[in-house]
Amino acid sequence: MSEKEAAASTSKPKAAGKAAARGKNPSRRRKWSKMPKEDIEALFDRFSRQRPNPRGELDYSSAYTLLVAVVLSAQATDVSVNKATGPLFAIADTPEKMVALGQETLEDYIKTIGLYRNKAKNVILLSQKLIDEFGGEVPDDRDALVSLPGVGRKTANVVLNIYFGQPTIAVDTHIFRLANRLELAPGKRVDEVELALEKVIPEPYIRHSHHWLILHGRYVCKARKPDCQKCIVADLCRYKEKTYSVPAPIVELDAYENKQSSPDKTGEFGA
């Protein structure tokens, strides 16, 4: 055996020894959640009993109006978007009508929403692309959706989940916060949290998990001051700064809002 071969034969065990000394197993699979499986099951069972038929809070009448509403909701509240889209959709609820309306007039309808000029530009551009490339219809495919101006992965996931019934999860500010506070799917990036949630949420609950987490974050587990006494999963929560550990009674709520509290007014989706 040559000196080079001898050196190569000893280098790998040495590297493995260093990994072992650090307590790392190279073949070990990532642990997607810090919550026990039984707690995850209990978490979504309670959410499902609280809101058997959850719905988003954006107003829409078609895949197209939902898409436009979600694009407009980036860094804005659903309430502010609904106030603008009510009059808008009364006169422009298809791509053809929106293009005919034009960017300048569209801006007048949505000027109460933040970043309205850029959003108006994107709505006109995506409407034209829907006409040119998709026959005026909103596609039910993520890759096709994200090819539209102003539409990113989160927006696409919302449309796919709400309108087309696909088991997608759009990680907005509320879901990101809950995933980390609960240690349900901890992560530093949105894509990490999305992947972890897809791995750990039990299959029977995946379809509506998006809504349950958003609404719980919006009305109970708020960014600045979580309302722990009204939390139905307070005993399962692993958030170190929680102020209460006894779960609130489960009361069935209507499809649209949690009447126990006022909503968190932080912005919703980015693209």
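Residues numbered from 1 in each chain as written. Predicted model: local features only at pLDDT ≥ 70, side-chain atom pairs only at ≥ 80, totals over all residues. Heavy atoms only, no water.

Draft legend 1. Structural view of the packing of helix α3 (residues 63–72) against helix α9 (residues 153–162). Across the interface, α3 lies against α9 with an axial gap of 10 Å and an inter-helix angle of 145°. Between α3 and α9 lies a crossing whose hand is right-handed. Here L66, L67, V70 and V71 of α3 lie close against α9, whose contacting residues are T155, V158, V159 and I162. Grouping the constituent residues of the contact of α3 with α9 by class yields 7 nonpolar, 1 polar and no charged. (Axes fitted to C-alpha atoms, helices over the stretch in contact; angles between N-to-C directions. Helix = DSSP H or I, 4+ residues; strand = E, 2+ residues; numbered from the N terminus. Left-handed = near helix turned anticlockwise from the far one by under 90°. Contact = heavy atoms within 4.5 Å. Nonpolar A, V, L, I, M, F, W, Y, C, P; charged D, E, K, R; others polar.)

Draft legend 2. View of the packing of aromatic side chains. In this structure the tally under the stated criterion is 4 aromatic pairs. Taken together, a centroid distance of 6.2 Å and an interplanar angle of 25° make the contact between F44 and Y205 stacked. Separated by 161 residues along the polypeptide, F44 in helix α2 (residues 37–50) and Y205 in the loop between α11 (190–200) and α12 (206–219) bring together distant segments of the chain. Given the relative accessible area of 12%, Y205 is considered buried. Aromatic rings pair up to connect F44, F47, Y205 and W212 into one cluster. The lysine or arginine in question, R181, covers the ring of Y239, its NZ or CZ lying 4.6 Å from the ring centre. (Phe/Tyr/Trp six-rings, centres within 6.5 Å; stacked < 30°, edge-to-face > 60°. Buried < 20%, exposed > 50% of the residue type's maximum accessible area, 1.4 Å probe, protein only. Lys NZ or Arg CZ within 6 Å of the ring centre and 35° of its normal.)

Draft legend 3. Quick look at the nonpolar core. Ranked by size, the top nonpolar core spans 37 residues in total, and within it L67, M98, L106 and I110 carry the most contacts. The set of elements that each furnish at least two residues to this core consists of α3, α4 (78–91), α5 (95–101), α6 (103–110), α7 (116–134) and α9. Considering each element in turn, this core owes the most residues, 9 residues, to α3. The residues touching L67, leaving out its near neighbours within four places in the chain, are L126, L130, V138, L148, V151, T155 and V159. One finds I169, L215, V220 and A248 within the second-largest nonpolar core, a separate group that totals 34 residues. (Core = buried A, V, L, I, M, F, W, Y, C linked by side-chain atoms within 4.5 Å.)

Draft legend 4. Structural view of α4. The first and last C-alpha atoms of α4 sit 20 Å apart over 14 residues, in line with the 20 Å expected at 1.5 Å per residue. Where α4 bends most, the angle comes to about 35°, and this point is T85, followed within four residues by the proline P87. Check the buried side of α4 and you find it contacts α3, α5, α6 and α12. (Expected span 1.5 Å × (residues − 1). Bend = angle between axes of the 7 residues up to and from the residue.)

Draft legend 5. Structural view of unusual backbone geometry. The backbone phi angle of Q75 is positive, close to 55°, even though this residue is not glycine. With respect to the helices and strands, Q75 occurs in the loop between α3 and α4. Its relative accessible area of 61% is what places Q75 among the exposed residues. With a phi close to 60°, E183 is a non-glycine residue in the positive phi region.

Draft legend 6. Representation of the state of the cysteines in the model. Counted under the stated rule, the structure contains 0 disulfides. The structure places no disulfide on C228, whose sulfur is separated from the nearest cysteine sulfur, that of C237, by 6.6 Å. Free cysteine C231: the closest other cysteine sulfur is in C237, separated by 6.2 Å. (Disulfide = S-S within 2.5 Å.)

Draft legend 7. Region of the structure containing the confidence of the model for the chain. Taken as a whole, the chain shows an average pLDDT of 87; of its residues, 83% reach a score of 70 or greater. Contacts from residues 1–28, a stretch scored under 50 in pLDDT, to residues over four places away or in other chains number 3 contacts. (pLDDT = per-residue confidence, 0-100.)

Draft legend 8. Spotlight on helix α10 (residues 173–181). Restricting attention to buried positions, one finds in α10 the residues H174, I175, R177, L178, A179 and R181. Against α11 and α12 lie the buried residues of α10. Measuring from the backbone nitrogen of H174 back to the side-chain oxygen at the start of α10 gives 3.1 Å, which picks out D172 as the cap. E183 sits one or two residues past α10 and shows a positive phi near 60°. (Polar contact = N/O pair within 3.5 Å; in protein donor to acceptor, adjacent residues only side chain to side chain.)

Draft legend 9. A look at the environment of I131. For I131, the position within the fold is in helix α7. Judged by its relative accessible area of 27%, I131 falls in the partly exposed class. Between the C-alpha atoms of I131 and T94, which are 37 residues apart in sequence, the distance is 9.7 Å. Every residue in contact with I131, bar those within four places of it in the chain, is listed here: P95, E96, V99 and G136.

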